[in-house]
Structure formats: structure tokens, C-alpha cells
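Each chain, written out:
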Amino acid sequence: MKSKIALISPYPELTNIAKRISVAQGEDIDIYEGVLEEGVEIAKKLSNQKEADVIISRGATGALIRKNIDIPFVSIEITDFDVFLALYEAAPFSNHIGFFGYDYKKGHFDFELFSKILNKKISCFYYKSEKELREKLYESKESGIDMAVGTGACIIEEAQKLGLKGKLVFSSASSVLQAIITAKNIRAVIEKDRGQKELINTLLEHITEGIIALDEERKVIMYNSVSEKLLKAPKKEVLNKKIFDINFNTLQKIYKDSQLAKEEIIEIENKKLLVKRSNINIDSKNIGTVITVQDISKIQEVEQSIRTKLVKKGLIATYRFEDIYGNSKILLETINKAKKYSCTDSTVLILGESGTGKELFAQSIHNESKRSDGPFVAINCAALPENLLESELFGYEEGAFTGAKKGGKAGLFELAHGGTLFLDEIGDLSLNLQAQLLRVLQEKKVMRLGGHQLIPVDVRIIAATNTDLKNKIEEGKFRRDLYYRLNILTLTIPPLRERKEDIEVLCINFIKEFNELYGKKISPQLEDKIYKLLFDYHWPGNVRELKNIIEKCVILCEDQKISYSLISSLLNETGLIQNNDLNDRQKIIVNIGTLEEMEKQIFKEIFLKYNNKKEVARVLGVSRTTLWKKMKEYEK
Ligand SMILES: Nc1ncnc2c1ncn2[C@@H]1O[C@H](COP(=O)(O)OP(=O)(O)OP(=O)(O)O)[C@@H](O)[C@H]1O
């Protein structure tokens, strides 16, 4: 909105001049007429109702207006020319002219020169009050003055009362124009200032912190909506009031309880706020104070989202309890127990053979827990050498060791802050790292390698092992105290051979999953004789092994159905390598390579053993045509 200029004229001649200039300048100036109090009333109304941003007036009316309004005021100054014009017009009717003006005009006009040009005697009188004016007028009459020239209507009125002639000094067009130019300049500054204020206000409203600025008298001059929300004190009750006069003690509390240039946690209405108070100094002079207020839970949320972003894709828990397939009583009981563990924040120790689904359970517990929005960080303690594992777990400061990254590195404990840290194969942790882990679990703080500062971490630990920790304790390879720390809630995942009822559901779901992955349409229903085969197998690699076999089947199967022979050959393939009870005729050894390479080896070995195409096709569970195609392919 454009700022407005208003001109209050004390007499009609000035009104006309102002109107003329306003039109000539193409300026939309609001012109009003009013003398003294009347003019002040108009000015007050314009100012209060924000209908004017700058007011122009002159003389005594102007002086009164200036005293009564808060907005900028421009006075139409009386120039030498205006005074000279009045003296020139008065000269033919007088022998001795008296000039009467306010005290502050003393020495302003060159009366000696005017007297010379007009060849007329001119005396000057200045006054500070109406009483003094009357005294000076009386004095002047006594000394032979017959004409009073004055800058205000009141002078002329009083002079006439004493029988003197009077002549008012009018403002010329150039004086009015000068005042309008000054008012326009002020308006430009106001508009610029207003633009800057709007910018600051927009910024204040976009900041996630609460900002309260006080001037040197502790009057609130800035207060954004975040502060309003956090301190539960509405803007209109706070702005432009001294902090200790405000009715809301929340503001006084944060002012009193905060410390200069230091962050302080202050509780307001059950909410923990981080408050900082700083002085604003210009040229080492204090001109006010700024207080910032932040909701700690918001900071934690932001910190969490940053941490979560930092945690790479692989460190996020993807599995949930619904993804654990199986309907055996024992598995359902285990899931049930795990769900109960999810509601707590205690450490969980998962026991089970390799491939039983320990990590699957750990992820599901995390995703079901109140930490589900936080990171899930998993580490296999057996996969890394001790010193590497140490720096991975606890992080390090720059220069902690040769090769340490610039700026240091956060450890997995820090990355898992607010979430869960899954320590797989905990039984393989060295005694030194066991001691460090125990310390972190007790203190809930980590110190980076080469660091001096303890960093608080809020992490839930889920540990897993496929070894008997009690044996390890007996052998002196595992700390008893750590065992008791970890073993608060225990979850034992039964091996697949003890819950073979799960095989069917597992197969159906794995076939569906791999169909989707490899774009196949293989029926998830398997023949009964296939299930018999699967039930008879002892599954040393547990669910992982079953999953791998199904994956191979889906890749190798060329029909809509997985054949008995394909499954049996794959079982033999894996089973034979692991099961020494089987005779040599059923055994082949395949070197690990790409699927194509391994497939080639399988064909070759089986051919060597059976040397009969029909038999080979039967064992491999493929048609004779497929076998022929494969042979052609491998001959190349
Ligand atoms: N009940 C189940 N339902 C679906 N998938 C399962 C189930 N159990 C295990 N799996 C799958 O089997 C594979 C092995 O599981 P996981 O890695 O959780 O086992 P683990 O016990 O942690 O193994 P290790 O001790 O070797 O680390 C994964 O691909 C997992 O998704």
C-alpha cells in the first residue's frame, strides 16, 4: 500500500496554493483546512486511523500538530521571500513596521536589507508565550509602531485588539512546494523501511525458532508466531509492552531463567524449551536483547530426520512381523513373544541357528516398536577385524589414527540414535570390545576414538548369536556381566527342522516373491511328493537354504510348475555337499561361479555320472528338448 501525505492548511489562501501544487505535481495529497486545535483534531484522526503517513502544516497550527502526533511532520517554513512580500505589501500603509515572530526564528531574516530596499523603518520582536506577545505588541505601540507583520493569525488578532494594523505572512508556492518535496522524501524512506520490516516479518514467520526482540527498555519490539505458540502468549498482548508489564508470566520466566549468551533448557507448560538470550550491541552500546526459543522435541525430530537420511538405505529395517511366514505353533508363539518385546525398550537377545530369521525378527521388533521412525542399524560382529569394528561401532575423531577420515566419522551407535542397533553374531566380539560395549550400555554415552567428549546416545540394542554364550562364558571368551546385560529379553528362533509345518507357507510365499522378481508365472502350489521331499530334508541352512533353493527353482524352471526332479536335484546338490551320509553316485562338486557357469558344470558332471540323456533329463527335471538345447549351447 502506498503511503499517504496530508496537508492541513490554517487559512484558505494556503489551501488554494496547496491544491494547485498538488495537481501540478501529479501528487495525490489530501488537503484539509483547520486552524490550531481544529487542525490538531484532523491530524490526530488521520494518524490514528492510519489515513496519513506524513502530515504537512505551518505556523502555530503546525507547532501544535507536531506535539500531538507520532507520525512524521513537515513544517512549511517561512522564507525570506514570504516575509519580504508581507513587508512589501504593508510598507505603503505604515511609517514604522514591527515584525513579530516565534523566538526560534530569531536572526533568521535579514531585516536590515529589507529596510534598505523598502526604505522603511522595521523593528523585530520575538516571543515565547502569548503573554509575552501581548507585552511586546504593547511595547511596540508605545514606541510608535503602527503596523504589525506576523507569522501567525493570533499575532494579527492581538495587534488589531490594540488598534494596530496587521499583516499576516503568507506562505508562498515555493515554500509549500519545498515542504511537499520534503514530505515525499520522508514517504520514500517510510516505504523502504516498511518493505524492510515486511521482509523481516516474513523471515521471522518462516523461522522454526521463536524470536523475541526487546529494545533497551525491555519493550518487546519483535515477536513471531512460533514464540506465540511456544509461550502461549498472543502477539497483541505482548508487542510494544515492557516484558515485566506483560500479563503472561511465560515470557518473564524465559527472560529471568535464561542466561546471557548461553543455551538453557526451560520447562514451560510441560514442554522443554531451549532458550538463548543475547545482547544486541552497536558500537559497544547495548541497544536491546534478542531471545530465541526452540521446542526441544522439534529439534530432536529434525535431528532424527537428518540422522535417518544419513543412514544408508541398507540400514533401514524393511521387514515387519507380517513378513515372517509360517504357521507352526512354535513360530507363532515366538512371534507373539517378540511382539510383546516390541512394546518395551529393553535389550533383546535373539538365539538361533544361522538362517533361522534372527535379523528378520530384529527388524520386525524395531518396526513394531516406538522407535520405528528412527534408524535400524545392523552390524555383523564376526565380519570385521577388531580395530575396524571398534571404529565402526564408536566412530572416531579426525587424526585418531593413520587413515582416519578428515572431520572424523560418527560410529554406528551415533547413527542408530533414537533407533535400534542390531549386533549380529555378538558371540564373536573380542573381550576388549565386549568391555567397551558394556560401558556404552551402562552409561548410554559413547566416546569416539581419539575423542574427549562423551556423546549421549539413545539406542535400543538387539543382539543375536548362533553360538552358545554360556559355553563361551565358561571358556572365558564372553563376559558374564555383558551376558546378563544383553540377556534381558530372550527370543529363541527354532530351526526349520523343528517346524517343518512352516515349509509349505514358506515355499508358497517365496515362489510368489521370486515370480515377481524374475517376471515368472510359476504356480506357487507344489505337488505333495515335492513336499514329502522337502519334509524329509534336514535343512542345516534353515529358512535361508530353503529360500535359496526356491530362488534357483524359479530361475531354472521353464514350465509353469516346479518339477519334483528339479527340486530333488537341487536338494541333492546342496544336501550332498553338506551331507556325508549320501553315497558318491549322488554327489557332485560344483565350483562357485555365475549361475550359468554352475549350470554348465552341473550338466557336465551329471552327464559324466549317468551318460544317458533320458536319465540326465530326469535327474535334472528338464524336458529332453531343453536338455538338447542346453547341450548345444554348452558345446559352443
Ligand atoms: N519365517 C520367515 N519368513 C520369511 N523369510 C524368512 C523367514 N525366516 C528367514 N527368512 C529369510 O531367510 C533369510 C535369512 O534370514 P536372517 O538373515 O534373518 O537369518 P539369521 O538367523 O539372521 O541368519 P545369520 O545368523 O546367518 O545372520 C532372509 O532372507 C530372511 O528374509
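Residues numbered from 1 in each chain as written. Predicted model: local features only at pLDDT ≥ 70, side-chain atom pairs only at ≥ 80, totals over all residues.

Student: How do you make sense of the sheet that holds strand β9 (residues 210-215) when you look at a structure like this?
Tutor: Two strands in a sheet stick together by hydrogen bonds in their backbones, pointing the same way (parallel) or opposite ways (antiparallel). The strand order across the open sheet built from five strands is β10-β9-β13-β12-β11, with neighbouring strands paired in antiparallel fashion. Two strands bound the open sheet, and with one partner strand each, they are β10 (220-223) and β11 (263-268). Ignoring strand direction, the axes of neighbouring strands in this sheet form an average angle of 25°. Two strands pair when backbone bridges link them, and β9 and strand β13 (residues 285-295) are joined in this way by six bridges, in the antiparallel orientation. Following the sheet pairing, D215 is matched in β13 by G288. (Pairing = 2+ DSSP bridges. Helix = DSSP H or I, 4+ residues; strand = E, 2+ residues; numbered from the N terminus. Axes fitted to C-alpha atoms, helices over the stretch in contact; angles between N-to-C directions.)

Student: What's the story with unusual backbone geometry in this structure? I'm lost.
Tutor: Note: most residues except glycine have negative phi, and most peptide bonds are trans. One non-glycine residue, N119, lies in positive phi territory at about 55°. Within the secondary structure layout, N119 lies in the loop between α5 (111-118) and β6 (121-127). The class for N119 is exposed, based on 7 C-beta atoms found within 10 Å. You will see that S284, though not glycine, has its phi angle at about 55°, which is positive. With respect to the helices, strands and loops of the structure, S284 is situated in the loop between β12 (271-282) and β13. (Buried ≥ 20, exposed ≤ 12 C-beta atoms within 10 Å, placed from the backbone.)

Student: What is the right way to read the pairing of strand β7 (residues 147-150) from this model?
Tutor: Remark: a regular strand shows side chains that alternate across the two faces of the sheet. By the alternation rule, side chains of β7 split into M147 and V149 and A148 and G150, which are all buried. Pairing of strand β5 (residues 96-102) with β7, which is carried by four bridges, proceeds in the parallel orientation. Across the sheet, residue G98 finds its bridge partner in β7, namely A148. Relative to strand β8 (residues 165-168), β7 is paired through four bridges, and the arrangement is parallel. The residue of β8 that forms the bridge with G150 is L168. With respect to chirality, the unit in which β7 leads through helix α7 (residues 153-161) into the neighbouring parallel β8 is right-handed. (Right-handed = clockwise from strand over helix to strand, strands pointing away.)

Student: So what exactly am I meant to see when it comes to the confidence of the model for the protein chain here?
Tutor: A low pLDDT score tells you not to read the predicted coordinates there in detail. A residue-level look at the protein chain finds 93% of positions with pLDDT of 70 or above and a mean pLDDT of 87. Across the whole predicted complex the pTM is 0.50, and at the interface the ipTM reaches 0.98. (pLDDT = per-residue confidence, 0-100.)

Student: It is not clear to me how the nonpolar core should be interpreted in this structure. Could you clarify?
Tutor: Note that soluble globular proteins tend to have their nonpolar side chains buried in a common cluster. In terms of nonpolar packing, the biggest core is built from 66 residues, with I350, F413, L421, I462, I550 and C553 touching the most fellow members. Counting the residues that make up this core, at least three belong to each of domain 4 (311-494) and domain 5 (501-635). Sequence-distant contacts of I550, defined by excluding residues within four places in its chain, comprise C507, F510, I511 and F514. (Core = buried A, V, L, I, M, F, W, Y, C linked by C-beta atoms within 7 Å. Domains from an automatic or database assignment. Contact = placed C-beta atoms within 7 Å.)

Student: For this particular structure, what's the right way to read the site of the ligand?
Tutor: Taken together, the neighbourhood of the ligand is formed by 17 residues, with S354, G357, K358, E359 and V543 sitting nearest. Contributions of two or more residues to the shell around the ligand are made by α14 (358-368) and α22 (542-556). Looking at which domains feed residues into the shell around the ligand, each of domain 4 (311-494) and domain 5 (501-635) gives three or more. (Near = placed C-beta within 6 Å.)

Student: Looking at this structure, I do not really get the sheet that holds strand β14 (residues 348-351). What am I missing?
Tutor: Sheet architecture is open: five strands sit in the order β15-β18-β21-β14-β22, paired in parallel fashion. Taken across any chain shown, the strands that pair with only one partner, and hence form the sheet edges, are β15 (376-380) and β22 (489-492). Across the sheet, the axes of successive neighbouring strands diverge by a mean angle of 20°, strand direction being ignored. Two elements, strand β18 (residues 420-424) and strand β21 (residues 460-465), share four bridges in a ladder whose sense is parallel.

Student: Sorry, what's going on with α14 here?
Tutor: Residues lying three or four places apart along an α-helix face the same way, a consequence of the helix completing one turn every 3.6 residues. With nine of eleven residues buried, α14 lies mostly within the body of the structure. Buried within α14 we find K358, L360, F361, A362, Q363, S364, I365, H366 and N367. Packing partners of the buried residues in α14 comprise α13 (329-342), β14, β15, β18, β21 and β22.

Student: Any chance you could explain the packing of helix α1 (residues 12-25) against helix α8 (residues 173-206) here in plain terms?
Tutor: Geometrically, a packed helix pair is captured by the angle between its two axes and the distance between the axes. Closest axis-to-axis distance for the α1/α8 pair is 10 Å, and the angle between their directions is 55°. The orientation of α1 relative to α8 falls into the category oblique. Between α1 and α8 the crossing geometry is right-handed. Contacts between α1 and α8 involve I17, A18, I21 and Q25 from the first element and A173, V176, L177 and I180 from the second. Taken together, the residues that form the contact of α1 with α8 break down as seven nonpolar, one polar and no charged. (Parallel < 35°, antiparallel > 145°, perpendicular 65-115°, else oblique. Left-handed = near helix turned anticlockwise from the far one by under 90°. Nonpolar A, V, L, I, M, F, W, Y, C, P; charged D, E, K, R; others polar.)

Student: Can you walk me through the packing of α13 against α14 in this structure?
Tutor: Remark: α13 packs on α14, axes separated minimally by 8 Å, with the N-to-C direction vectors making an angle of 45°. Taken as axis vectors, α13 and α14 run oblique relative to one another. Handedness of the α13/α14 crossing: right-handed. Every residue of α14 that contacts α13 at A338, K339, Y341 and S342 is listed here: F361, S364, I365 and E368. Here the contact of α13 with α14 is composed, by residue class, of four nonpolar, two polar and two charged.

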